Amino acid sequence: MSSYIYKPLLPRQIRLLDISQGLSRLQIIGCDLELAPAYSTVSYSWNDEPTDQVLRIDGSNLKAIRNIMLGLPHLIENAHTNYLWIDAICINQSNDDEKGYQVPLMKEIYTRCEECLVWLGDGTPESDFAIDAIPKIVQRFSTQDPAEVWTAEGIGTTSDNVLQLPLWKGLTELFSRPWFKRLWTFQEAVLPAVVVFLCGSKTIPCSDMDGIAVPLLNHLTSLELVYPKSDFEDASLFVGFLKLIRVFRYRTIGPMSKTAADTIKLLYTTGPWRSTNRLDKVYGILGLADSSLQDFLVVNYHKSQVDVSREVAAWYLLHGKDLFLLHLASVERKKKTLPSWIPNFAGFGSHWCRGSLWKIYETGIEKNSSSRPLPTRLSDELHVLGIRVDQVREIVPNRAQPHSLEINKCIGILEWEAKCLALSKSTTGSNTRGVPDAHWKTILATIWDHHLQEPKKGDYDDLMTLVKAVASQATDVMNLGMPKQVLAAQIRRLSQTQSRGKFFSTTGGRVGLGPSMVQPGDLICILYHGFTPFILRPTAGDDQMFRLVGDSYVSGIMRGEVFEADSRLPDETFVLV
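Peer 1: Run through helix α10 (residues 237–253), naming residues and quoting values.
Peer 2: The end-to-end C-alpha distance of α10, which contains 17 residues, comes to 25 Å, matching closely the 24 Å that a straight helix rising 1.5 Å per residue would cover. Within the span of α10, buried status applies to Leu 237, Gly 240, Phe 241, Leu 242, Lys 243, Leu 244, Ile 245, Val 247, Phe 248 and Tyr 250. Those residues of α10 hidden inside the fold are in contact with α7 (166–175), α8 (184–190), β8 (195–199), α9 (206–226) and α11 (260–269). In the stretch just after α10, Gly 254 is the one whose phi turns positive, near 110°.

Below, the structure is given as C-alpha cells:
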C-alpha cells in the first residue's frame, strides 16, 4: 500500500482529520482556517515514541506513534464534532518549512476549536480507580478541610503505608503521565474555551481537575516530610501537579501575557517541561506570548538555540522596561557561546532561588528612575547604568546536591545554616547567642511566600525548629503553628538554595545570597531598572568590562537604601559581555 502524500498548504490553511465515517474511513481535508468547519483539537504527548504504527487515511498509509493509535477510538467516540486537529497528522512533520508557518497559527487553531480533548493515554486499573474517586473528593473539599478529606480517604499524613494504597497509587499513576511534563500541552490546554481530559475510556471534567490540583500539591509537600523521596514512585510528581495548577491559573486570568516581562517569566516557568526540539522551548509558548514577540520572532526550525536566544533578547530590549533579562541570565546551564547577560531561552537551567526575589523587590528602581536611560546593546555588549555598592569578601561553600532522604536533607541544611550563621555573626560583629536580623532576613528572603505576610524572627525560629525535628526524627514534627505544607515547602526551597546558591559576606559588613558561581572579589552593584542587586565580575585583562554572575539578595540594600544614603559612589556605565 502506498504511503500518504501531503498536499501543500496555502498561507493560513490547515488540515483536519475527517472522522465522520469512523476509524475505518478516515480522510484529511484542507481548508482556510477562517472557513474551517467545527473541529476538536487534541492535546497529547509524543512520549518519544517512534512513528512505527500505520494509520489508514484516504486509502494510503500514514506513519503514526502508538499513543495516537491507542487514543483515536476514544477521541472519535467522545468528540462533539466530525473533525479532529492532531498536529502529528495534520502537519507534515518531515517538512520543517511547513512547521515554520503552521506553528504561528497554533494560537488561532486552539482558540477557534469547539473543544480540546486532552488524551492522557490508555487507562489502567490504578488510573481508573483514581478517576472514579476524584469527583467525590473534590465535592468534599467544598465542606471539609483537605487534610481531613485525605485522612478520611486513608491517605493522610498520619495514615499507614499511604504510598502503597490504591488511591495514592492511582493518583500517582495518573498525574505522572508524560502529558503533564510536555511543554506544548500547556498552551494547548490554556487556549481553548472547553477542555475535557480523557484517560482510556474514562473522562474527567475540567472542573474536577481544577479542584484537586492545589490540594494534591499541598498534600504531596506534607507527605515528603514523612516518607523518603526515594519511596515515591515518580520523583517528578510535583511537576505534574504544578503544571495543572498553572494551566487553570492561566485559564482564569486570561491566556495572553500582558507585558514583555510576563512573556519571559512564562519562558522561565515552562522551561523545565520537555520538548523534542529545543527551539520549541520558545516556539511552544508563542500562543500565550505578548503579541510583539509573535510579530518579532520568525519561526524557523533551521535556526540554532543561540540564534533564537539572541533574537528573544533583542526583542526584550526593545519592548521591556526593566532588567528582567538579567535575572533570567542568572540561571544554571548557561550557553558558553552566548554573552553572560543573554539567557539560553531554549535550555533554561534552574535559578538559584527559583526567582522568588523577582516578585518582591525593586532595588534598582529609584523614584525618578524613569529619567535613567534603559540599557543599550552594541553587538554582544550591554551597556547598563548603575552604582558600585560593595564587594564579596567571604563565602560559605554550597553542597553539590541536596539529599534525597528528608532526614539527611535537614541534617545538611543545619550544617550549612550553622556556617552561614557563624559568618553572619562575625560580619555584623554580633557576639551574643542570638541571631542577627540580617541573617534571618537573608535566610527567609529566598524561601518565603511573601503573599502571606512579611516574615518575622518567629517564622525563622519555627522553620529551624521543624528542620531540627525532622533531622532528629522527632514524633511531634507536625505540631507547629504554621500549616505543615507551608513549612515543608520552605524546607524544600531552603535545600535548593543551599545546593544552588551561595551565602556570602561583604567588605561593607553585609551578608547575602547569590548564585553558586559567586567568588570573593566579585562586585555588588545596583543597576538601574533592576529588581535586585547584581553581582558582576571584571573580565580578565579589562576592568572596564564585566561578566554577569547573577542576581542576589544583600542585607540592607534591597529597598532603595542606597538611593537614600548621604554618600554614594557616582553613577557609571557597566559594559556586560
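Peer 1: Mind laying out the packing of helix α16 (residues 406–428) against helix α18 (residues 457–471), listing which residues take part and the relevant values?
Peer 2: Where α16 meets α18, the axes come as close as 8 Å, and the angle between the chain directions of the two elements is 130°. In terms of axis orientation, α16 runs oblique to α18. Considering how the two elements wind past one another, α16 and α18 form a crossing that is left-handed. Contacts from Glu 406, Ile 407, Cys 410, Ile 411, Ile 413, Leu 414 and Glu 417 of α16 reach α18 at Tyr 460, Met 464, Val 467, Lys 468, Val 470 and Ala 471. For the contact of α16 with α18, the class distribution of residues is 10 nonpolar, no polar and three charged.

Peer 1: Can you lay out the pattern of salt bridges for me, pointing to particular residues and giving the numbers?
Peer 2: Where charged atoms from two side chains of opposite charge come close, those side chains can pair. Tallied over the full model, the rule gives 21 salt bridges. Of the charged contacts, one joins Glu 188 and Arg 182 as a salt bridge, the two residues approaching to 4.0 Å between their closest N and O atoms. With relative accessibility at 2%, the residue Glu 188 sits in the buried group. What makes Arg 182 buried here is its relative accessible area of 10%. Asp 522 is the salt-bridge partner of Arg 537, the closest N and O atoms lying 2.8 Å from each other. You can see Arg 537 sitting in strand β15 (residues 534–539) and its partner Asp 522 sitting in the loop between β13 (511–515) and β14 (523–527), a full 15 residues away along the chain. Residue Arg 537 is classed as partly exposed on the basis of its relative accessible area, which comes to 25%. Given the relative accessible area of 3%, Asp 522 is considered buried. Taken together, the shared-partner salt bridges connect Arg 12, Glu 34, Glu 108 and Arg 112 into one network.

Peer 1: Tell me about the side chain of Glu 417, and name the residues and values.
Peer 2: With respect to the helices and strands, the residue Glu 417 is situated in helix α16. Buried and without a salt bridge, Glu 417 has Lys 468 as its closest oppositely charged side chain, separated by 7.2 Å. A polar contact is formed between the side chain of Glu 417 and the side chain of His 439, at a distance of 2.5 Å. Those residues in contact with Glu 417 that sit more than four places away from it in its chain are His 439, Ile 443, Tyr 460 and Met 464.

Peer 1: So what's going on with the sheet that holds strand β1 (residues 13–18)? Which residues, and what values?
Peer 2: Sheets are built from strands paired through backbone hydrogen bonds, the pairs being either parallel or antiparallel. If you walk across this open sheet you meet the seven strands as β2-β1-β6-β3-β7-β8-β9, and the pairing is mixed. In this open sheet, the two strands that pair with only one neighbour each are β2 (27–32) and β9 (202–205). Taking the axes of each pair of neighbouring strands and ignoring which way they run, one obtains an average angle of 35° across the sheet. By the bridge criterion, six bridges tie β1 to β2 in an arrangement that is antiparallel.

So, how was this worked out
- Residues numbered from 1 in each chain as written.
- Predicted model: local features only at pLDDT ≥ 70, side-chain atom pairs only at ≥ 80, totals over all residues.
- Heavy atoms only, no water.
- Helix = DSSP H or I, 4+ residues; strand = E, 2+ residues; numbered from the N terminus.
- Expected span 1.5 Å × (residues − 1).
- Buried < 20%, exposed > 50% of the residue type's maximum accessible area, 1.4 Å probe, protein only.
- Contact = heavy atoms within 4.5 Å.
- Axes fitted to C-alpha atoms, helices over the stretch in contact; angles between N-to-C directions.
- Parallel < 35°, antiparallel > 145°, perpendicular 65-115°, else oblique.
- Left-handed = near helix turned anticlockwise from the far one by under 90°.
- Nonpolar A, V, L, I, M, F, W, Y, C, P; charged D, E, K, R; others polar.
- Salt bridge = Lys/Arg side-chain N within 4 Å of Asp/Glu carboxyl O.
- Lys, Arg positive; Asp, Glu negative; His and termini not counted.
- Polar contact = N/O pair within 3.5 Å; in protein donor to acceptor, adjacent residues only side chain to side chain.
- Pairing = 2+ DSSP bridges.

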